[in-house]
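This is what each chain is made of:
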Amino acid sequence: MTREEHRTIVTEDPLRIPSRRVAQETHQVVETQLTGPEIARRVTLLAFGIIQLLLVVRIVLLLVNANEAQPLVGMLLTLSGPFVAPFEGILGADAIAANSAVVDVAAVVALVGWSVLELVILWIVNVFNAETE
């Protein structure tokens, strides 16, 4: 991966003339290589970001009583189903219905659970990262 840096450093004149400033320009090309832990961190963030997005969309769709017969809504609910399944039954009720809206409690618990798992994995990756900042 290549990254270019261009900096302009403006300093006061060493002779202390107030209207005169000295500018120094630097240009540098930095080559960096992704390490194994950095790749693992990025893949983890991407994978869990997709899972979390699906869960949030599921919660919102059920909350606004979206038409499950509509293909896009059905697909999103189907895709998010496997990520909610391990968390069903943890609490007394998996869903709370009020009028036509449904709060998918299992999906909220799943969102928290997947987020905690993501943090644990990122912590483990950081432990094995030799380049701690």
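Calculation notes
Residues numbered from 1 in each chain as written. Predicted model: local features only at pLDDT ≥ 70, side-chain atom pairs only at ≥ 80, totals over all residues. Heavy atoms only, no water. Helix = DSSP H or I, 4+ residues; strand = E, 2+ residues; numbered from the N terminus. Buried < 20%, exposed > 50% of the residue type's maximum accessible area, 1.4 Å probe, protein only. Contact = heavy atoms within 4.5 Å. Polar contact = N/O pair within 3.5 Å; in protein donor to acceptor, adjacent residues only side chain to side chain. Expected span 1.5 Å × (residues − 1). Arc of directions from axis to C-beta.

Turning next to the overall build of the protein. What the protein contains, in helices and strands, is three helices and four strands. N-terminal to C-terminal, the α/β element order of the protein is β-β-α-α-β-β-α. Evaluated residue by residue, the protein yields a buried proportion of 23% over its 133 residues. Of all intrachain contacts in the protein linking residues separated by at least 6 positions in sequence, the fraction that spans at least 24 positions is 50%.

With that out of the way, let us pick up the side chain of Asp104. Note on placement: Asp104 falls in the loop between β4 (101–103) and α3 (105–127). A relative accessible area of 7% places Asp104 in the buried class. Within polar-contact distance, the side chain of Asp104 engages the side chain of Arg58 at 2.8 Å. Sequence-distant contacts of Asp104, that is, excluding residues within four places in its chain, are made with Arg58, Leu62, Asp94 and Ala95.

An α-helical turn contains 3.6 residues, so a residue and the one three or four places further along point in the same direction. Taking 1.5 Å per residue as the helical rise, helix α2 (residues 71–84) with its 14 residues ought to reach 20 Å, and the 20 Å between its terminal C-alpha atoms agrees with that figure. Buried within α2 are the following residues: Val73, Gly74, Leu77, Ser80 and Val84. Buried positions in α2, seen along its axis, are confined to an arc of 140 degrees and lie on one side of it. What points out from α2, more than 90 degrees from its buried face, is the exposed set Pro71, Thr78 and Pro82. Between the side-chain oxygen at the start of α2 and the backbone nitrogen of Leu72 there is a gap of 2.8 Å, and the oxygen is on Gln70.

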